[in-house]
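Structure at a glance
Now for the letters of each chain:
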Amino acid sequence: MFTITKKMNLSHDVHWMDVDAPYIARKAQPGQFVIVRIGVTGERIPLTIADSDRDAGTITLVFQEVGKSTMVMGGMKQGDNIDDVVGPLGVPSHIEKLGLVVCIGGGIGIAPVHPVARGYKEAGSKVISILGARTKDLLIMEKEMVKASTEVRVCTDDGSYGQKGFVTNVLEDLIKEGAPIDVIVAIGPVPMMEAVSKLTKPYGIKTVVSLNPIMVDGTGMCGACRVTVGGEVKFACVDGPDFDGHEVDFAELRLRQRMYLKEEREAIETLTYMSE
Amino acid sequence: MNDKNKTTPKKELVPRQPMPEQPAEERQKNFKEVPYGYSPETAMIEARRCIQCKKPRCVAGCPVGIDIPGFIKAIEDGDFPESIRILKESNALPAVCGRVCPQEDQCEILCVLSVKQEPVAIGRLERFAADWEREHGEVKLPKVAPPTGRKVAVVGAGPAGLTVAGDLIVKGHEVTIFEALHKPGGVLVYGIPEFRLPNEIVEFEISNLEKLGVKMVNNVVVGKTFTIKELMEEEGFDSVFLGVGAGLPWFMGIPGENLNGVYSANEYLTRSNLMGGFDFPRHDTPLKKGKRAAIIGGGNVAMDAARTAKRLGAESIVVYRRSRNEMPARIEEIHHAEEEGIEFHFLTAPVRILGNDEGSVVGMECLKMELGEPDDSGRRRPVPVKGSEYVLNVDVVIVSVGTGSNPLLTKSTPGLELNKWDYIVVDEKTGATSIPGVYAGGDIVRGAATVILAMGDGRMASGAMHRYLMGEPEEEPEES
């Protein structure tokens, strides 16, 4: 059993949750994830570790309600228990001292990019973070990102806050300003990561993306999370989740993400039954 | 007693007792266990067929060296508690082994009766004794030796690890099992389906270990949550057993393998067995049931996947590149699959998997093969027949062509010697790895093998670990 020590809403369907998991907290590094199973009939879902506190023995999960499991988790409160949390899984993000690092977080992707930005900054790199959201109310963790970065640029699709437009517009401006970017780390929805990678490829700027495909065990045993990178099949759970954005077959990833759309709707219907 | 000994002809006349089972028509629609097991009467009749050889060859064929004539004699005498006691002296999981061991290649093949008639049904009798004990309440737990003050970590709660835990706890050591998944049992719960090995049986065996004092800790991935070094230096474990299984599924590298609807057998079986995907949406884990499923491969895992697909309502087709004779699956499994209406396309190799615009499987192009010269494995090599391509209309493809070593633990353990396939190198007689105090067994040493071989490894390693923990020297190698 893993107890929820803190729970808050970051926007209407995005939640912040601290979970008591001392062994995971002790080991967690930026870029790693856990597999969570909420109860006996629950599925195993991967969630990125947004933060960890070794002293308190907690890890932070930030998630959006997208399927049945995350909806149920959204309704959980401080003091509630999650049956299973296992990790930290995956290869930690590569972090080193560089001249300029650009960290891009789109929507819910701001949560996992946060520890990466902080890591680079702590290593002595200059970090410019670009945060994107559909609208002002959906922008999360701006304060934390300001702390973790040297400079933050914000954009919203509707222009309700920051620059109007997408993260790629802000990034393109930055590139055109002639910023000497060493590496870009982009985490967010698949189309965003694809667009960023497409934009940076002609400039030859190294672009790292963090993939979150469907998983079951998270330890390399099932191969559900296979992605094609540079023409080779990789298991995101053990080979990733970070990959070279210029090499990822995003078209395939997009289709694979949709594998259970019908079943997800069906599962959500059972949730409505249960609450009635 | 004396009378019995005089009437020798009875041994010749009684045929091997069949085990009643669910009719194929019925069972292909449910996940209940296929064979029902022997009644006490049938078990005693079958036990009487054993001629109690003075030098039993069957025992030599058993990886854990069960006193086979001994436990069978006890069944013949109607002393079932005694028979299970004898079994448990050498086998921690008799209810499991009685079901999934390949007896036809191990003990039964060596039975002297098989020269003239069918061998004694050793596996069925083992299963009977274990089931009898479980169904008759009071299970006698072995005596636990006084505490030694030594701590053992077992990594992986599969057949090898459970055996080690059971052996070492009774010797008075403190034993903790770390399991990566949310439920212990390893391949017994994620891999082997309910209709072959009900989960309830595995749960029962594990609860017995817990009653003996074994501590079960789920959700710990050794190599990630803890390293082996941390277990030994910070968590105070004196010795560690690695029974993490193999488990990294192989794919074939043909076009279309990442289409939606293509599964590794590991994923398909894990979704169905461990996650309850067969019961979606009551369980949250979805599984593409499909209308027609192609299962690629000819091993036991392929049979499990094919029979699972059938039970989920799909037409189920096994595609195997060699012929029926070369199939590595147990004959009983092939036979059960055939009875259940699984179709077999022998001498057939998949060339590519075809998909639609949504990225879902709509078919699989196959090529006919013929058998050529024998290859390294001694089996005749399949050779493609030119121009024999055809498309199999399927919407699910399950790839069951084997597994490789999972590098997750071994990569994080400097100093652990691996072979060229990345399996752990161990001393053949003790299971000791290149790191002092660390032992290993099962698939992570052998590559994909069987439950009983993993248990045999566990048995061997537990003996050596006990000696290591007690500071006893390893036995000198016997003169040959």
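Structural data are supplied above this passage.
Described in the following lines is the structure provided in the data block. Every chain is numbered on its own, with residues counted from 1 as its sequence reads. Note on labels: chains are lettered from A, ligands numbered from 1, in written order. Given that the model is predicted, a residue must reach a pLDDT of at least 70 before its local features are reported, and side-chain atom pairs must reach 80 or more before they are shown or counted; all residues, however, enter totals for whole chains, interfaces and linings. Excluded from the side-chain calculations are hydrogens and water; all other atoms, namely the structure's heavy atoms, are used.

A word on the overall build of chain B. A tally of regular secondary structure across chain B gives 19 helices and 16 strands. Along the first, second and third principal axes, the C-alpha atoms of chain B reach 65 × 65 × 50 Å. Buried positions account for 57% of the 480 residues belonging to chain B. The contacts of chain B with a sequence gap of at least 6 include a subset with a gap of at least 24, amounting to 68%. All accessibility values rest on the Shrake-Rupley procedure with a 1.4 Å probe; residue burial counts only the protein chains present in the view. As displayed, chain B has an accessible area near 20600 Å², and 53% of this comes from carbon and sulfur atoms. Taking the average location of the 57 positive side-chain charges in chain B and that of its 70 negative ones, the two points are 3 Å from each other. Note on conventions: DSSP H or I runs of at least 4 residues are helices, E runs of at least 2 residues are strands, and numbering of each starts at the N terminus. Categorising residues by exposure relies on relative accessible area from a 1.4 Å probe, with only protein chains included: less than 20% of the type maximum marks a residue as buried, more than 50% marks it as exposed, and the intermediate range marks it as partly exposed. Two residues form a contact once any of their heavy atoms are found within 4.5 Å. For the purpose of charge, His is not counted, nor are the chain termini; Lys and Arg are scored as positive and Asp and Glu as negative. To locate a charge, take NZ of a lysine, CZ of an arginine, CG of an aspartate or CD of a glutamate.

The next point concerns the overall build of chain A. A count of helices and strands for chain A gives nine helices and 16 strands. Every radius of gyration here is taken over C-alpha atoms, with the globule rule written as 2.2 Å times N^0.38, N being the number of residues. In terms of C-alpha radius of gyration, chain A reaches 18 Å, essentially the compact-globule figure of 19 Å for 276 residues. Taken over the C-alpha atoms alone, chain A extends approximately 55 × 40 × 35 Å along its principal axes. Counting every position in chain A, which comprises 276 residues, the buried fraction comes to 57%.

Once that is clear, we can look at the sheet that holds strand β16 (residues 242-244) of chain A. Strands belonging to one sheet form pairs held by backbone hydrogen bonds; the direction of such a pair is parallel or antiparallel. Residues and elements named next belong to chain A. Two strands are counted as paired when DSSP detects at least two bridges linking them. Strand order in the open sheet made by the seven strands is β11-β10-β9-β8-β12-β13-β16, with mixed pairing throughout. Each edge of the sheet is formed by a strand with only one pairing partner; in this case those strands are β11 (163-164) and β16. Of the pairings in the sheet, the one linking strand β13 (residues 206-210) to β16 comprises three bridges and is antiparallel in character. If you follow V208 over to β16, its bridge partner there is D244.

Attention now goes to the side chain of K7 of chain A. Residue and element names in this part refer to chain A. Among the structural elements, K7 can be located in strand β1 (residues 2-11). Although buried, K7 forms no salt bridge, and the nearest oppositely charged side chain, E65, lies 6.6 Å from it. N or O atoms closer than or at 3.5 Å make up a polar contact, with two conditions inside protein: a donor-capable atom paired with an acceptor-capable one, and, for residues adjacent in sequence, both atoms drawn from side chains. Reaching out from K7, the side chain makes a polar contact with the backbone oxygen of G74 at a distance of 2.7 Å. Among the polar contacts listed, one links the side chain of K7 to the backbone oxygen of M76, at a separation of 3.0 Å. The working definition used for a salt bridge is a side-chain nitrogen of Lys or Arg within 4 Å of a carboxyl oxygen of Asp or Glu.

Right, let's talk about unusual backbone geometry for a bit. A cis amide bond links G240 of chain A to the next residue, P241 of chain A, at an omega of 10°. Cis peptide bonds are those with omega within 30 degrees of zero, and the linkage from F280 of chain B to P281 of chain B qualifies with 5°. Of note in this structure, M141 of chain A is not a glycine but carries a positive phi near 55°. Locating M141 of chain A in the fold gives a position in the loop between β9 (126-133) and α4 (142-148). For M141 of chain A, a relative accessible area of 8% puts it in the buried group.

Residues and elements named next belong to chain B. Spatially, β6-β14-β7-β8-β9 is the arrangement adopted by the five strands of the open sheet, whose pairing is parallel. At either margin of the open sheet sits one strand with a lone partner, and together these are β6 (262-264) and β9 (343-345). Pairwise comparison of adjacent strand axes, ignoring direction, gives a mean angle of 25° for this sheet. Pairing analysis gives three bridges linking strand β8 (residues 315-319) to β9, with the strands arranged parallel. Residue pairing across strands places I317 opposite E343, the latter belonging to β9. An axis is simply a line fitted to the C-alpha atoms; with a helix, the fit covers only the stretch in contact. Between two such axes, the angle follows the N-to-C directions and lies from 0 to 180 degrees.

Among the nonpolar cores identified, the biggest contains 74 residues, and I68, F71, I72, I75, L125 and L188 of chain B are the most heavily contacted of them. With eight residues, the single largest contributor to this core is helix α19 (residues 451-469) of chain B. Ignoring any residue separated from it by four or fewer positions in sequence, one finds L188 of chain B in contact with L93, V96, P159, L162, L197, N199, V202 and V451 of chain B. The term nonpolar core refers to a set of buried residues drawn from Ala, Val, Leu, Ile, Met, Phe, Trp, Tyr and Cys, joined through side-chain atoms within 4.5 Å. Counting 41 residues, the second largest nonpolar core, distinct from the first, contains V86, I128, I184 and M215 of chain A.

Here the focus is the interface of chain B and chain A. The interface of chain B with chain A comprises 45 residues on the first partner and 46 residues on the second. Taken together, the two surfaces of chain B and chain A that pack against each other cover about 3700 Å², and 55% of this comes from carbon and sulfur. It is K224, N258 and D284 of chain B in chain B that bury the most area against chain A; as a group they hold 19% of the surface buried on that side. The tally of links between chain B and chain A comes to five salt bridges. Taking the shortest distance from any N to any O, the salt bridge between R26 of chain A and E235 of chain B comes out at 3.8 Å. Buried area is a sum: the accessible area each of two parts loses on coming together, probed at 1.4 Å, counted once for each and added.

A few words now on the packing of helix α4 (residues 40-48) of chain B against helix α6 (residues 68-76) of chain B. Packed helix pairs are characterised by how far apart their axes lie and by the angle those axes make with each other. Residues and elements named next belong to chain B. For the pair α4 and α6, interaxial distance at closest approach is 8 Å and the crossing angle is 130°. Overall, the two elements α4 and α6 adopt an arrangement that is oblique. Between α4 and α6 the crossing geometry is left-handed. Residue-level contacts link A43, M44, A47 and R48 of α4 to I72, I75 and E76 of α6. Gly is placed with the polar residues, together with every amino acid not listed as nonpolar (Ala, Val, Leu, Ile, Met, Phe, Trp, Tyr, Cys and Pro) or charged (Asp, Glu, Lys and Arg). A class-by-class count of the residues in the contact of α4 with α6 yields five nonpolar, no polar and two charged. Any angle that is under 35 degrees is reported as roughly parallel, and any over 145 degrees as roughly antiparallel; angles of 65 to 115 degrees are reported as roughly perpendicular and all others as oblique. By convention, the crossing between two helices is left-handed when the near helix turns anticlockwise from the far helix through less than a right angle, and right-handed when the turn is clockwise.

Once that is clear, we can look at the pairing of β1 of chain A. Residue and element names in this part refer to chain A. Note that β1 and strand β6 (residues 81-82) share two bridges and pair antiparallel. What sits directly across from F2, in β6, is I82. As judged from the six bridges shared by β1 and strand β2 (residues 14-20), these two strands associate in the antiparallel manner. In the sheet register, M8 faces β2, and the bridge partner there is W16.

Turning to its location among the elements, R467 of chain B is positioned in helix α19. On a C-alpha basis, the gap between R467 of chain B and G123 of chain B in space is 32 Å, while along the polypeptide they are 344 residues apart.

What follows covers the pairing of strand β8 (residues 100-106) of chain A. All names here are of chain A. Among the seven residues in β8, seven count as buried, and that is most of the element. What you see with β8 is no split at all: L100, V102, I104 and G106 on one side and V101, C103 and G105 on the other are buried throughout. In the sheet, β8 pairs with β9 via seven bridges, with the strands oriented parallel. By the bridge assignment for β9, L100 is matched with K126. Since β8 and β9 lie parallel, the crossover through helix α3 (residues 110-122) that links them has a hand, and here it is right-handed. Here five bridges tie β8 to strand β12 (residues 183-187), and the two strands are oriented parallel to one another. In the sheet register, V101 faces β12, and the bridge partner there is V183. Here a crossover is taken to be right-handed if, once the strands point away from the viewer, the path from the first strand over the helix to the second is traced clockwise.

Quick look at the environment of A251 of chain A now. By secondary structure assignment, the location of A251 of chain A is in helix α8 (residues 250-257). The spacing of A251 of chain A and E194 of chain A is 57 residues in sequence and 8.8 Å in space, taken between C-alpha atoms.

Under the definition given, this model contains 44 salt bridges over all chains. In this structure, E234 of chain B and R26 of chain A form a salt bridge, with 3.8 Å as the shortest nitrogen-oxygen distance. Here E234 of chain B is found in the loop between α13 (228-233) and β4 (239-242), whereas its partner R26 of chain A is found in helix α1 (residues 22-27) on a different chain. Of the charged contacts, one joins K27 of chain A and E230 of chain B as a salt bridge, the two residues approaching to 2.5 Å between their closest N and O atoms. Linking K27 of chain A in helix α1 with E230 of chain B in helix α13, this pair reaches from one chain into another. For K27 of chain A, a relative accessible area of 18% corresponds to the buried category.

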